[in-house]
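Read off the chains here:
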Amino acid sequence: MIDSLPIPILGFAAYSGTGKTTLLEALLPKLTDAGLRIGMLKHAHHNFDVDKPGKDSYRLRKAGASQMLISSRNRFALMTETPESESEFEYLLTRFDTSKLDVILVEGCKNIAFPKIELHREEVGKPWLYPSDDNIIAIAADTERSDTTLPQMNITDLDAIARFVVEYVAEKQKPQSGKSPAACCDTLSPAFLSVAQGQEKILSLVNTVNETEIASIENSFGRVLADDIVSPVNVPQYTNSAMDGYAVRSDDLERTHYQVVAEVMAGHAYDQPLELGQAVKIMTGAPTPAFADTVVMREQATEEGDKVTFNNAAIKAGQNVRQAGEDLPLGSDVFSQGQRISSAEMGMIASLGFGSCNLYRKLKVAVFSTGDEVQPPGSEQKANSIYDSNRFTIMGMLEKLGCEILDFGIIEDDESLMIQALQDASMQADVVLTSGGVSVGDADYIKLALEKLGQIDFWRINMRPGRPLAFGQINNKPFFGLPGNPVAVMVSFINFVEPALRKMQGEKGWQPLKVSAIATENLRSRQGRTEFSRGVFNLDARGQVTVKTTGKQGSGILRSMSEANCLIEISPAVDTVKVGESVTIIPLQGRI
């Protein structure tokens, strides 16, 4: 019976406690997003009820109906009582309408002979199944085995497990299934990647530029340090007053009045040690005299002639004095290699006396658009054409990152011109960036050119917008082929290009800021993929971050990106975020 099924069958076998249901619950959205129509058979060792006590179907079944069929607009279910014996596995398989399915997945039934993936967790403490079950075709576990040639996956790597299932179904599909290869392009795609997998792959294949240069502090903004900054001085450099007032000795606080022997302004000093009974009038930042270790603020003092009294002030020894090296001792680390310099860093470096610093050189990025239908803005629009917006969007984001931009303009749909442009760009730049020409339905001009020049992979990323992405090497220079849709270009750049460029610039430890916000409208997604909606976040009257979308979310609606101040990130496991629920946002200030 199993061999005669018109569709493949695949089980997930494991002992109780391994987490089969939890894994399948997370895995199914990935498989359906890959285009698979799935039937699910779950075997339970205990008695169970499908419907709830009190419901009509439950009452009628308990009243004596051996078969109870309940139907609604959305689904129907047939519940059959089997008091004599458990239903046979093969009989249960006949209950599926296989004409509407691509695969039947089975949870349990580990003792029945059919293809299975073994799920195994060491902490459960149960023996392995595969040594005594020839029907196990792969292993998903939290440990690796060296005594088998079976394919092995980490039990937490859902994307790897999903790829295995997709490839298994593709290999096992039979002609009578009625599905043409063209209908399965998503299912058969070798590049079935999550956003995180795409990011990790790219980051593993790019390296920081080697060349550095000395630049003045005023020309360092947005650049990345190539060396550590170590303080050559104490900060503060000398013990000084934290406010305007009177410096006295902490061993001389019981007096009713003191003799004012000097007035010290910032930039000057009283070079005599302070004697008992004496005080020095002192300004903020001025060095305190020897033995003067306490400052009483001016508002708490009354001065008459050369005498000063403190108006019953509660004076604490050591108050209002900043010690030399208190903020930063001599020889201490200030900034590490890989720190990106902003205005605060510029000021700090200057305060240490440095007039310049060693930086990684600017990253050179070549940019061009492709397509006969694309024409430059400012020209008279031709029939059946569009103005090039993507190139300028990309250049703006590169400018924000401090890159040196090489603009190669628009390249026509001509293979030889594409090859020449890509060749020139890769020789002059550190990175090559294009938009358009990487989707399944696009003309093959740029794909053919890329295949002749380097090693390029065309990926499908489980995200929206921005699913198609090309990445590889041309003359050992990273190449990014972004989608053609304007919003998809920006979302793809933020997720894949920006992290890679930051690494190539030498920046270390960078992570995009992600914040939780409360949705003020219902947000919908599709399980199995990461959804990035354009959003606007605000602080409500209680100081809570709230967010809503900018409206229509089509990939070609560039205005929605201009109106947005954040991306709303909905994870693959979620299909709906309701009003009042928490959702992750990625603020865009400073990034686009």
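Residues numbered from 1 in each chain as written. Predicted model: local features only at pLDDT ≥ 70, side-chain atom pairs only at ≥ 80, totals over all residues. Heavy atoms only, no water.

1. Considerations on the pairing of strand E14 (residues 258–264)
Rule in force here: Between any two strands, pairing holds if DSSP finds at least two bridges. Secondary structure elements follow DSSP: runs of H or I of four or more residues count as helices, runs of E of two or more count as strands, with numbering from the N terminus.
When E14 meets strand E18 (residues 307–310), the two strands line up antiparallel, connected through two bridges. Looking at the pairing, glutamine 259 lines up with lysine 307 of E18. Two strands pair when backbone bridges link them, and E14 and strand E15 (residues 278–282) are joined in this way by five bridges, in the parallel orientation. Bridging from a neighbouring strand, valine 264 pairs with isoleucine 282 of E15.

2. Comments concerning the pattern of salt bridges
Operational definition: Just to be clear on terms, a salt bridge is a Lys or Arg side-chain nitrogen sitting within 4 Å of an Asp or Glu carboxyl oxygen. Per-residue accessibility, obtained with a 1.4 Å probe over protein chains only, is compared with the maximum for each type, and a residue is labelled buried under 20%, exposed over 50%, and partly exposed between these values.
Considering all chains together, one arrives at 23 salt bridges under this definition. Of the charged contacts in the structure, one is a salt bridge between lysine 42 and glutamate 107, with a shortest N-O distance of 2.9 Å. Separated by 65 residues along the polypeptide, lysine 42 in strand E2 (residues 38–42) and glutamate 107 in strand E5 (residues 103–107) bring together distant segments of the chain. Exposure remark for lysine 42: the relative accessible area of 51% places this residue in the exposed category.

3. Here's the deal with unusual backbone geometry
Note that the residue after valine 235, namely proline 236, is joined by a cis bond; omega there is -5 degrees. With respect to the element layout, proline 236 can be found in the loop between strand E11 (229–230) and strand E12 (240–241). That bond from arginine 464 to proline 465 is cis: its omega, -5 degrees, falls within 30 degrees of zero. Position of proline 465 relative to the elements: it lies in the loop between strand E28 (463–464) and strand E29 (468–474). Phi at phenylalanine 291 is positive, roughly 75 degrees, even though this residue is not glycine. Structurally, phenylalanine 291 is set in the loop between E15 and strand E16 (294–297). Within the chain, asparagine 475 stands out as a residue other than glycine whose phi angle is a positive 50 degrees. If you trace the backbone, asparagine 475 turns up in the loop between E29 and strand E30 (477–482).

4. As for the sheet that holds E5
As a reminder of what qualifies: Axis definition: a line fit to C-alpha positions, over the contact stretch in the case of helices; interaxial angles, taken between N-to-C directions, run 0 to 180 degrees.
Spatially, E2-E5-E1-E6-E7-E8 is the arrangement adopted by the six strands of the open sheet, whose pairing is parallel. Each having just a single partner strand, E2 and strand E8 (152–154) make up the two edges of the open sheet. Shown here is a sheet whose adjacent strand axes are inclined to one another by a mean of 20 degrees, direction ignored. Summarising the sheet, strand E1 (residues 9–13) and strand E6 (residues 116–120) pair through three bridges and their orientation is parallel. In the strand pairing of E6, glycine 11 is matched with lysine 116.

5. Describing the side chain of glutamine 278
This is how it is decided: Side-chain atoms alone can form a polar contact between residues adjacent in sequence; in general such a contact is a pair of N or O atoms within 3.5 Å, and within protein one must be able to donate a hydrogen while the other accepts it. Between two residues, a contact is recorded if the distance between any of their heavy atoms is within 4.5 Å.
Note that glutamine 278 resides in strand E15. A polar atom in the side chain of glutamine 278 sits 2.8 Å from the backbone nitrogen of glutamate 275. Apart from residues no more than four positions distant in its own chain, glutamine 278 is found in contact with Ala247, Val248, Asp252, Tyr258, Gln259, Val261 and Pro273.

6. So, empty space enclosed by the protein
Short version of the rule: Buriedness for pockets is judged along seven lines, at least five of which must meet protein on both sides within 12 Å for an open set on the 1 Å grid over protein atoms alone, while cavities are sets there where a 1.4 Å probe fits but cannot get out, and lining residues have an atom within 4 Å of a point. Grid points are joined across faces, edges and corners, and a volume is the space filled by probe spheres set on the points. Three classes are used, and their members are as follows: Ala, Val, Leu, Ile, Met, Phe, Trp, Tyr, Cys and Pro are nonpolar, Asp, Glu, Lys and Arg are charged, and the others, Gly among them, are polar. A domain assignment, automatic or from a database, supplies the domain bounds used here.
In this structure the tally under the stated criterion is two cavities of 30 Å³ or more. Considering the residues around the largest cavity, the lining is formed by Gly222, Arg223, Val224, Arg340, Tyr360, Arg361, Lys362, Leu363, Leu401, Gly402 and Gln505. Each residue belonging to the lining of the largest cavity can be placed in one class, and the counts come to four nonpolar, three polar and four charged. Two domains each provide a minimum of three residues to the lining of the largest cavity, namely domain 2 (212–230 + 332–360) and domain 4 (364–505).

7. Things to note about the pairing of E18
Side chains Val308 and Phe310 of E18 all project onto a buried face; the interleaved residues Lys307 and Thr309 project onto a face where none is buried. Counting the residues that bridge the hairpin from strand E17 (residues 301–304) to E18 gives two residues, and of these glycine 305 lies at a positive phi of roughly 65 degrees.

8. Re the packing of helix H8 (residues 390–400) against helix H11 (residues 486–504)
Note the cut-off: By definition, any crossing whose near helix is turned counterclockwise from its far helix by less than a right angle is left-handed, and any crossing with a clockwise turn is right-handed.
At a minimum axis separation of 11 Å, H8 and H11 run at an interaxial angle of 30 degrees. Judged by the twist between their axes, the crossing of H8 over H11 is right-handed. Judged by residue contacts, Asn390, Thr393, Ile394, Met397 and Leu398 of H8 engage Pro486, Val489, Met490, Phe493 and Leu501 from H11. Of the residues that constitute the contact of H8 with H11, the class distribution is eight nonpolar, two polar and no charged.

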